[in-house]
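These are the residues of each chain, in order.
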Amino acid sequence: MIKSILLDIEGTTTPIDFVYEMLFPYARSHVWNYLAEHLSSPDVHTDVAGLLEENAADARNRLDPPLLNGPVERISADEIVAYVHWLMDRDRKSTPLKSLQGKIWEEGYRTGQLRGQVFEDVPRAFSRWQNRGKQICIYSSGSVLAQKLLFSNTEAGDLTTFIDGYFDTNIGSKKDATSYRAIADKLGRLPSEILFVSDVAAELDAAATAGFEVVLCSRPGNEPPTAPQNYTAIQTFDELA
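Peer 1: Break down the pattern of salt bridges for me, with residues and values.
Peer 2: Counting across every chain of the model gives 11 salt bridges. Where Lys-174 meets Glu-203, a salt bridge forms, and the shortest distance between an N and an O atom there is 3.4 Å. Of this pair, Lys-174 sits in the loop between strand S3 (165–167) and helix H7 (177–187) while Glu-203 sits in helix H8 (residues 201–209); the two residues are 29 residues apart in sequence, bridging distant segments of the chain. Of the two residues examined, Lys-174 and Glu-203, each falls in the buried class. Residues participating in the shared-partner salt-bridge network are Asp-8, Lys-174 and Glu-203.

So this is what it looks like as structure tokens:
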């Protein structure tokens, strides 16, 4: 019996276009101004330190990134912006990058320049699942902060009242089965008691390997799986009893 429902965001609860045509461009265009105002913040220092480590690894791997010349206190905003743009161009699921993006989006939501988007079936599904005693959780490559901001600022209102837990890449890659085992441990559930819903087949493969029940979400605008899958597919959450 399923006790917890674990949901991806991009292409599952939220249109892919919102992420790639609204959130990412906003972060890209506002990162310099944000750093100019907040570079001395301890939280931002932590993100920059993580970027510095990642940058050094990219250089060692001969990926030719824009170089960050540390230590953290001496790195300029221009250097950080160049590397952030480089990472975004590669759609890198970088934990410090996602953390920095979340902080930038927080200002966008606060000023009303951003508004979270979810598919129209999501609020009623959340209500239905909560009424049936199901635990609803989110697992996204976006930071926990970014997740909470999105769901608290939707056109349908604040949906965070339905959500019991949030997970990001701090727990591990979404394509690694050990990440899902760690989530099951955090939730105090058997893997077989958790249903994971995502539009990415490789993520479903990892979750299934960990013992989760899985469902492929095939929303309008999603890329089709790169290989045939045996997973049950849905187009809306209305199809999930």
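Peer 1: Could you give me a rundown of the sheet that holds strand S6 (residues 233–234), with the residues and numbers involved?
Peer 2: Across the sheet, 6 strands lie side by side as S3-S2-S1-S4-S5-S6; this open sheet has parallel pairing. A single partner strand is all that each edge strand has here, and the edge strands are S3 and S6. When strand S1 (residues 4–7) meets strand S4 (residues 194–198), the two strands line up parallel, connected through 4 bridges. Across the sheet, the residue bridging to Ile-5 is Leu-195, located in S4. Taken strand by strand, helix H6 (residues 144–152) contacts strand S2 (135–139) and S3, and its axis lies near 135 degrees from that of S3. Sitting on the sheet, H7 is in contact with S1, S2, S3 and S4, with an inclination near 145 degrees to S2.

Peer 1: I'd like a description of H6, backed by residues and values.
Peer 2: Turning to H6, its buried residues number three or more, namely Ala-146, Gln-147, Leu-149, Leu-150 and Phe-151. Of the surrounding elements, those touching the buried residues of H6 are helix H1 (16–38), helix H4 (95–110), helix H5 (122–131), S2 and S3.

Peer 1: Summarise the nonpolar core; cite the residues concerned and give the values.
Peer 2: In terms of nonpolar packing, the biggest core is built from 55 residues, with Phe-126 and Phe-237 touching the most fellow members. It is H1 that provides the largest number of residues to this core, a total of 9 residues. Counting residues in hydrophobic clusters, the runner-up holds 18 residues, among them Cys-137, Ala-184, Ala-210 and Phe-212.

Peer 1: Quick rundown of the packing of aromatic side chains? Include the residues and the values.
Peer 2: Under the definition given, this model contains 10 aromatic pairs. For the pair Phe-24 and Trp-105, a centre-to-centre distance of 6.3 Å together with 15 degrees between the ring planes defines the contact as stacked. With Phe-24 in helix H1 and Trp-105 in helix H4, the pair connects residues that are 81 residues apart, well separated along the chain. What makes Phe-24 buried here is its relative accessible area of 12%. By relative accessible area, Trp-105 is classed as buried at 5%. On the numbers, 5.4 Å between centres and 75 degrees between planes, the contact of Tyr-139 with Tyr-180 is edge-to-face.

Scoring rules and cut-offs
- For every chain, the first residue of its written sequence is number 1, and the numbers climb from 1 along that sequence.
- Only residues with pLDDT of 70 or above have their local features reported here, since the model is predicted, and side-chain atom pairs are shown and tallied only from 80 upward, although totals for entire chains, interfaces and linings are computed over all residues.
- Hydrogens and waters are ignored; side-chain quantities use all the structure's heavy atoms.
- When a carboxyl oxygen of Asp or Glu lies within 4 Å of a side-chain nitrogen of Lys or Arg, that pair is called a salt bridge.
- Each helix is a run of H or I in the DSSP string that is no shorter than four residues. Each strand is a run of E no shorter than two, and both are numbered from the N terminus.
- Exposure classes here rest on a 1.4 Å probe applied to the protein chains alone. A residue is buried below 20% of its type maximum, exposed above 50%, and partly exposed in between.
- For two strands to be treated as a pair, DSSP must find no fewer than two bridges joining them.
- The contact criterion used is simple: two residues touch if any of their non-hydrogen atoms lie within 4.5 Å.
- With axes taken as lines fitted to C-alpha atoms, and helix axes fitted only over the stretch in contact, angles between N-to-C directions fall between 0 and 180 degrees.
- Residues enter a nonpolar core if they are buried and are Ala, Val, Leu, Ile, Met, Phe, Trp, Tyr or Cys, with the set joined through side-chain atoms within 4.5 Å.
- Aromatic pairing here means that ring centres of Phe, Tyr or Trp (its six-membered ring) are within 6.5 Å. Orientation follows from the plane angle: under 30 degrees is stacked, over 60 is edge-to-face, and everything else is tilted.

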